[in-house]
Amino acid sequence: MQLTNRSKQVSNKEMTLAEKMYLPAVLSGLAITISHFFRKKPTIQYPEVKRYLGPIYRGHHVLKRDEQGRERCTACGLCAVACPAEAISMIAAERKKGEENLYREEKYAAVYEINMLRCIFCGLCEEACPKQAVYLRHDRMVPVFQERDEVIYGKDRLVEKMDDRYVRSNNTEVKTTPTEPSLTRAAT
């Protein structure tokens, strides 16, 4: 009676002298090792050369401004609700007279904080924002923390500077090399 049809016939042929000394196996292993010496090295020289992270990478958070330099965030709280790690907190305030050039809407985020130890960089805050005020940059990583008080990012670190605007292009056919990234930035 046969239990399976996957059985194999084993041959017990006698090994040659070279096979008994494992000479073919050792030589084939040496050939593989020597071939690795002549391949291109995958290592990059990190501080001098930075690797292109790709268009779908989610890195450093940024609170966007509009073309006039006003903050887009209206403190609606949708990003905080969408965050599964509960890393975002904000306090809303009403815009006063004379602050029309600072904030777009009547309501704005007086305090906007992201706890980077909690953040899992899922991008749900970016998707939930109706004003397109929150972005996760695809060209910049979050820096390494040295102190515990550096992990909570406030508006001083999150609001984008007008001389360093972040623009995400929808062009998926960008041809880049790992050593020369083509990062998209506005010229304003």
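Use the structure listed above.
Starting from 1, residues in each chain are numbered consecutively following that chain's sequence as written. In keeping with the model being predicted, local features are shown solely for residues with a pLDDT of at least 70 and side-chain atom pairs are shown and tallied solely at 80 or more, while totals for entire chains, interfaces and linings include all residues. Working from all heavy atoms in the structure, the side-chain values ignore hydrogens and water.

A run of H or I in DSSP counts as a helix once it spans at least four residues, and a run of E counts as a strand once it spans at least two, with each numbered from the N terminus. Assigned secondary structure in the protein consists of five helices and five strands. Each helix (α) and strand (β) of the protein, taken in turn from the N terminus, gives the series α-α-β-α-β-β-α-β-β-α. Relative accessibility thresholds used throughout: buried, under 20% of the residue-type maximum; exposed, over 50%; partly exposed, between the two (1.4 Å probe, protein chains only). Counting over 188 residues, the protein shows a buried share of 26%. The contact rule is simple, with two residues in contact once any of their heavy atoms fall within 4.5 Å. Taking all contacts inside the protein whose residues are at least 6 apart in sequence as the whole, residues at least 24 apart take part in 72%.

A pair of aromatic rings is counted whenever rings of Phe, Tyr or Trp (Trp by its six-membered ring) have centres within 6.5 Å, and the orientation is called stacked for planes under 30 degrees apart, edge-to-face for over 60 and tilted otherwise. Enumeration according to the criterion identifies three aromatic pairs in this entry. Seen in terms of ring centroids, Tyr103 and Tyr108 are 3.7 Å apart; in terms of plane orientation they differ by 10°. Their pairing is stacked. Where Phe145 meets Tyr153, the ring centres are 6.4 Å apart and the plane angle is 85°; that geometry is what we call edge-to-face. Residue Phe145 is classed as partly exposed on the basis of its relative accessible area of 28%. Note on Tyr153: relative accessible area 2%, which makes it buried. Criterion for a charge above a ring: Arg CZ or Lys NZ at most 6 Å from the ring centre, at most 35 degrees from the ring normal. Between Lys64 and the ring centre of Tyr135, over which it is positioned, the NZ or CZ distance is 6.0 Å.

Time to look at the pairing of strand E3 (residues 107–115). For two strands to count as paired, DSSP must find a minimum of two bridges between them. When strand E2 (residues 88–94) meets E3, the two strands line up antiparallel, connected through seven bridges. By the bridge assignment for E3, Ile88 is matched with Ile114. In terms of strand pairing, E3 meets strand E5 (residues 152–153) through two bridges, oriented antiparallel. Paired with Ile114 across the strands is Tyr153, a residue of E5.

Before going further, it helps to spend a moment on the sheet that holds E2. Read from one edge of the open sheet, three strands run E2-E3-E5, paired in antiparallel fashion. At either end of the open sheet lies a strand with only one pairing partner, and these are E2 and E5.

For the rest of this paragraph, the subject is the state of the cysteines. Any pair of cysteine sulfurs within 2.5 Å is marked as a disulfide. One pass over the structure, following the stated rule, counts zero disulfides. Its sulfur unpaired, Cys119 is 6.3 Å from the next cysteine sulfur, which belongs to Cys83. Unpaired in this structure, Cys125 has its nearest cysteine sulfur neighbour in Cys122, at a distance of 6.3 Å. Take Cys125: its relative accessible area is 7%, and that puts it in the buried class.

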